[in-house]
Amino acid sequence: MLWGRATDQAVIDGLLDRARAGRSGVLVVRGEPGIGKTSLLGYAADRARDTRDMRVLRGVGVETEAEIPFASLHLLLGHGLDRLDALPAPQAAALRGAFGLAPVTNRLLAGLAVLSLLAELAEGGPLLCLVDDAQWLDQESAQALRFAAHRLHAEGIVMIFAARDGFDPSGLPEHRLPGIDAGSAAALLDHAAPGLAPGTRDRLIEESCGNPLALLELPRTAPPAYDRSPLPLPDRIQQAYAIRIAGLPPDAQRALLLTALTDGGDLDVIVRAGRELGIAPAALGVAEKSGLIRIDGGRVAFTHPLMRAAAFRHGTYDLRLEVHAVLARLLEHQPDRRAWHLAAAATGPDETAALALEQAARRARDRDGNAAACAALERAAELTEDRALKAGRLTAAAVAAADAGQAGRAKHLVERAAELVTDPRSRARLCELRARIAFDEGAPYLAHDLLMQGAEELAALAGTDEEGPGGQARQDRIAAGLMLTDAARNAWQLSDPDRVAEAAARLHGLGLRPEDGLDPAVQAVTGAAVLLRQGPAQGVPIMRDMVASGGRITSGAHTFRINAAFVAPLVGDFRTGHDISAAMAEECRAAGDVGKLPLVHVTLAAAELYLGRFRDAEATAAEGLRLISDTGQRNRAGYLEGTLAWLAAVRGEADRCAELAARCRDRFDANHIVNGLAWAEWAPALLDLGRGRFAEALDRLDAAMTGPVRHQIQAVYFAPDQIEAAVRLGLPAHEPLCRFEEWATASGQDWALAVLHRCRALVEPDGERAHEHFRTALRLHAGSGRPWEAARTRLAFGERLRRERDKGSARPHLRAAWETFERLGARPWAERASTELRATGDTGSPAARGEALSALSPQELQIVRLAAKGLTNREIGARLFLSPKTVSYHLYRAFPKLNVASRAQLAGLDLS
């Protein structure tokens, strides 16, 4: 029975009821130790079993296993391994690797595999998945479970985490358990400890703060254990447990310590270790009768985590060392656990234990368990006496910490390693690692300088080493080149022409050779430096060649192709940029390479936006942000949030545009990456322009050109907006026209030349010459694949013709613009076109083309397009990181909107 938890129980009941109706739900139950989190999970399990219609899976975070990759996930899903063959092959392989059944796994793909496996287990009915003590989940298990939880939708699955503070929910819904009310506390005390003196009873109710465990445990001890002391409540409860432990026979006390130190509470291991320690098996029975532990199904568990802590503290230091040594001998067949017990048994430098931990770290890295590898290497370094070996292990630990997204921990480890490092190559490696950490922490200027410093040291070494095909000189030269490339990329994101130029100059001074394989990188850096320093006429041709080369590669060469996709907007070749990004996205999905997808989504969403595929861009950006949250690549979020802000501006969604733009500015303040800021400055101005607030639009864009945004490509692309706003206000637009003209001429792209002619028409006072510019623009727009820009040109031409009272000639242009804006969802622009059209005497409605598609959500549109190609729900789910049931749910909602009744009918629809 739960006292005082009616509201909390109702929350659980609601989740279970929705699951029975086919809808999934997730909840993180928060609270201090003893507040009743585990009891609430027990209530959920009982309610699920009462109706006999819901399967229950239970898992738990184990404090002693928090450094073993996927340990908690195995506890939760180990009984579902017979369903692995039903999963797509890459997902099944990922889980087999996670569970130690295969050598290597992809920890990010493991999250999708967890989602698919849970969906499989829910095929026969709703499923309840309970995870207790989530604050002690190993990082890999926690990441996989959060990935799956974020994507639960229509599977009939409930996932509930119970956690103290310290568990990162990553945006999952939370429910905090408060203390129970005084009346419920009194009822619980009357039930658990009847006959208390009134004064004692009242003090307990007051001092327990409604904590049920305190109400149960403190009455068992003498009054001093719950007097008005300054101890935090969990410590006072633990003190009460210590008193209970002290009252047990010595063998039972030692059995409790052994249980506290045994990973996962394996009964067989505890009994065998007990024999070696001279502990009679009956001692476990005595401990169980005390209520401190429970024995069930070959496992021994403390009835509350605070009991385990009390048992640990009660044991003497010498006895703890002895227990760890015995467990290390017994766990030869479990090398990772053995390594940690060896380390715990060490009292000083111990190379045997250090080497075992280093090997455990290597196994963890093979399974993408970077957090576990970091912990093992850090402890190995502590047990290492040799300075060089210690420095190497600390450096490796720092790399693992950075890979795990633990920037603060990585920084601390680097500083410890730096105190021991003397050779220049190791110093250069630390510079590179420090730069990576600095960038992640929002200090890109420091990151740039550190990369330049490290590259300088390696370049000096390369000039003195013996040369050879695979010699050290070549390795140093390549390493320096890669660091300089990263430095240039940082400088570009900072909009710092001087730093880009310096990196480019040093890169050329390295004497790199074709066989070093860095020619594409050198080309990109050179082009960026020339573009920023000398202008588009000199820089664009260099970069155009790189984009074309990237477009010719059909697979592999990931770094070169993603760089080519990033460069594509700089030369205006959105179609090639889109094709590169789309192909790479398909490759990443097929290979399950989730970690590379966020960066690909950045380039793909931008290409889709510029090509006028606004709904595709929104879907790609939204999915990219979800993946960024899953993978911890927060520095890339500004790109995608900026894309969404621009799309919101086009649609006239003022509040959403302002919110997203504010997020971009906040990110710029934190990390100084200018690309997101550029979108944040452009989007509100575009919103103003669409609504006819020309002065506000011009002020925003003029202000943007006084800061770092002026070096970004967006400054070229919003120049036509500056021109239009200035013309509307009767102001000159010479500078933005020259800016766009120089770039458009260098790019040679038809769409860019079309927009240039539109801009010339806008500033041209002579009507006939303006008309000729408009007509030339429309010819160039034909087939350029940029409907947004073509509609803008037709609107501007129609507006001019209408003002010149040529209403008959204006109508076709205005109607075409109206229909395109409607199809794109550009409401303010459609209203402008509609107002102009009515002024010509045309009061008809725009064509209905695209109305059905506009009713679909971006995710529904993605799913419908894949279904139209003949993909099954399972195949669609694997590509979009959704469960098959969620795919089915979205199709069920989409069919009525499209006026179809089956998948076969989708093939006949225009879904472009």
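Because the structure is a prediction, the values reported are computed rather than measured. (Residues numbered from 1 in each chain as written. Predicted model: local features only at pLDDT ≥ 70, side-chain atom pairs only at ≥ 80, totals over all residues. Heavy atoms only, no water.)

Another point: the overall build of the chain. The secondary structure content of the chain amounts to 46 helices and seven strands. A compact globule built from 912 residues should have a C-alpha radius of gyration of about 29 Å, and the chain, at 32 Å, falls within 12% of that. For the C-alpha atoms alone, the extent of the chain along its principal axes is close to 105 × 75 × 55 Å. Within the chain, the proportion of its 912 residues that are buried is 57%. Taking the contacts inside the chain whose residues are at least 6 apart along the sequence as the reference set, 67% of them involve residues at least 24 apart. (Helix = DSSP H or I, 4+ residues; strand = E, 2+ residues; numbered from the N terminus. Rg over C-alpha atoms; globule rule 2.2 N^0.38 Å. Buried < 20%, exposed > 50% of the residue type's maximum accessible area, 1.4 Å probe, protein only. Contact = heavy atoms within 4.5 Å.)

Turning to the nonpolar core, a few remarks are in order. In summary, soluble globular proteins display a tendency toward joint burial of nonpolar side chains. Judged by nonpolar contacts, the single largest core of 124 residues is most densely connected at W646, W682, L686, Y717, W743, W788 and F821. Setting aside anything within four residues of it in sequence, one finds W743 in contact with P536, V540, P569, L570, V571, G572, I713, V716, Y717, W751 and A752. (Core = buried A, V, L, I, M, F, W, Y, C linked by side-chain atoms within 4.5 Å.)

Before going further, it helps to examine the pattern of salt bridges. Following the criterion strictly, the structure yields 67 salt bridges and no others. Taking the shortest distance from any N to any O, the salt bridge between R244 and E217 comes out at 2.6 Å. In this pair, R244 is assigned in helix α10 (residues 233-246) and E217 in helix α9 (residues 212-217), connecting sequence segments 27 residues apart. The exposure class assigned to E217 is buried, which follows from its relative accessible area of 4%. Between E502 and R506 there is a salt bridge, with its nearest N and O atoms 3.0 Å apart. Here R506 and E502 lie together in helix α24 (residues 497-509), a separation of four residues that amounts to about one turn. The class of E502 is partly exposed, set by a relative accessible area of 36%. (Salt bridge = Lys/Arg side-chain N within 4 Å of Asp/Glu carboxyl O.)

Because each turn of an α-helix spans 3.6 residues, side chains separated by three or four positions in sequence point in the same direction. Within the span of helix α34 (residues 694-704), buried status applies to F694, A697, L698, L701 and A704. Down the axis of α34, the sector holding all buried residues measures 125°, keeping them to one side. Buried-residue contacts for α34 involve α33 (674-690), α36 (719-728) and α42 (827-839). (Arc of directions from axis to C-beta.)

Further remarks concern helix α30 (residues 614-631). The end-to-end C-alpha distance of α30, which contains 18 residues, comes to 25 Å, matching closely the 26 Å that a straight helix rising 1.5 Å per residue would cover. Looking at the residues trailing α30, positive phi occurs at G632, about 75°. (Expected span 1.5 Å × (residues − 1).)

For the pair helix α38 (residues 750-763) and helix α39 (residues 767-781), the least separation of the axes is 8 Å and the interaxial angle reads 165°. Put simply, α38 runs roughly antiparallel to α39. As for how α38 packs across α39, the hand of that crossing is left-handed. Where α38 approaches α39, its residues D750, W751, L753, A754, V755, H757, R758, R760 and A761 are matched on the opposing element by A770, H773, F774, T776, A777, L780 and H781. Split by residue class, the contact of α38 with α39 holds nine nonpolar, four polar and three charged. (Axes fitted to C-alpha atoms, helices over the stretch in contact; angles between N-to-C directions. Parallel < 35°, antiparallel > 145°, perpendicular 65-115°, else oblique. Left-handed = near helix turned anticlockwise from the far one by under 90°. Nonpolar A, V, L, I, M, F, W, Y, C, P; charged D, E, K, R; others polar.)

With that settled, the discussion passes to the environment of A407. The topology assignment puts A407 in helix α20 (residues 407-418). For the pair A407 and A438, spaced 31 residues apart in sequence, the C-alpha separation works out to 8.3 Å. The residues touching A407, leaving out its near neighbours within four places in the chain, are I437 and E441.

Another point: the confidence of the model for the chain. Predicted confidence across the chain gives a mean pLDDT of 89, with 96% of residues reaching 70 or more. Mean pLDDT across the secondary structure elements of the chain bottoms out at helix α43 (residues 851-854), with 67, and peaks at strand β4 (residues 157-163), with 97. Contacts from residues 222-231, a stretch scored under 50 in pLDDT, to residues over four places away or in other chains number 20 contacts. (pLDDT = per-residue confidence, 0-100.)

Moving on: the pairing of β4. For β4, the buried fraction is high: seven of the seven residues fall into the buried class. Side-chain alternation along β4 places I157, M159, F161 and A163 on one buried face and V158, I160 and A162 on a second face that is also buried. As defined by bridge partners, strand β1 (residues 25-30) adjoins β4 across six bridges and the pair is classed as parallel. Opposite G25, over in β4, you have V158 as the bridge partner. Once you follow strand β3 (residues 127-132) into helix α6 (residues 139-150) and on to β4, the crossover reads as right-handed. (Pairing = 2+ DSSP bridges. Right-handed = clockwise from strand over helix to strand, strands pointing away.)

Here we take up the environment of L355. For L355, the position within the fold is in helix α17 (residues 351-366). Each C-alpha atom, one on L355 and one on E618, is 50 Å from the other, the two residues being 263 residues apart in sequence.

This part is about the sheet that holds strand β5 (residues 174-176). Here we have five strands laid out as an open sheet, ordered β2-β3-β4-β1-β5, and parallel in their pairing. Here the strands that pair on one side only, and so sit at the sheet edges, are β2 (55-60) and β5. Between one strand and the next, the sheet's axes are offset by a mean angle of 20°, whatever the strand orientation. Where β1 meets β5, three bridges bridge the pair, whose relative direction is parallel. Within β5, the residue paired with V29 across the bridge is H175.

Locating Q135 in the fold gives a position in the loop between β3 and α6. Classification of Q135 by relative accessible area gives buried; the value is 16%. From its side chain, Q135 meets the backbone nitrogen of R164 in a polar contact 3.1 Å long. If near-sequence neighbours (up to four positions away) are discounted, Q135 is found in contact with A162, A163, R164, G166 and F167. (Polar contact = N/O pair within 3.5 Å; in protein donor to acceptor, adjacent residues only side chain to side chain.)

Right, let's get into the pairing of strand β7 (residues 299-302). Successive side chains on a regular strand alternate, one facing one side of the sheet and the next facing the other. Side chains of β7 alternate between two faces, with V300 and F302 buried and R299 and A301 left unburied. With four bridges connecting them, strand β6 (residues 293-296) and β7 associate as antiparallel partners. Within β7, the position partnered with R294 by the bridge is A301. Connecting the antiparallel pair β6 and β7 is a turn made up of two residues, with G297 showing a positive phi of about 60°.

A few words on the packing of helix α19 (residues 387-403) against helix α21 (residues 424-440). Interaxial distance between α19 and α21 falls to 11 Å at its minimum, and their mutual angle equals 25°. When the interaxial angle is binned, α19 and α21 end up roughly parallel. Where α19 crosses over α21, the handedness of that crossing is left-handed. Residue-level contacts link T395, A398, V399, A402 and D403 of α19 to R429, L430, L433 and R436 of α21. The class makeup of the residues in the contact of α19 with α21 is five nonpolar, one polar and three charged.

Before going further, it helps to spend a moment on the side chain of D133. Note that D133 resides in the loop between β3 and α6. When residues no more than four places from it in sequence are discounted, the contact partners of D133 are V60, G61, A162 and P305.

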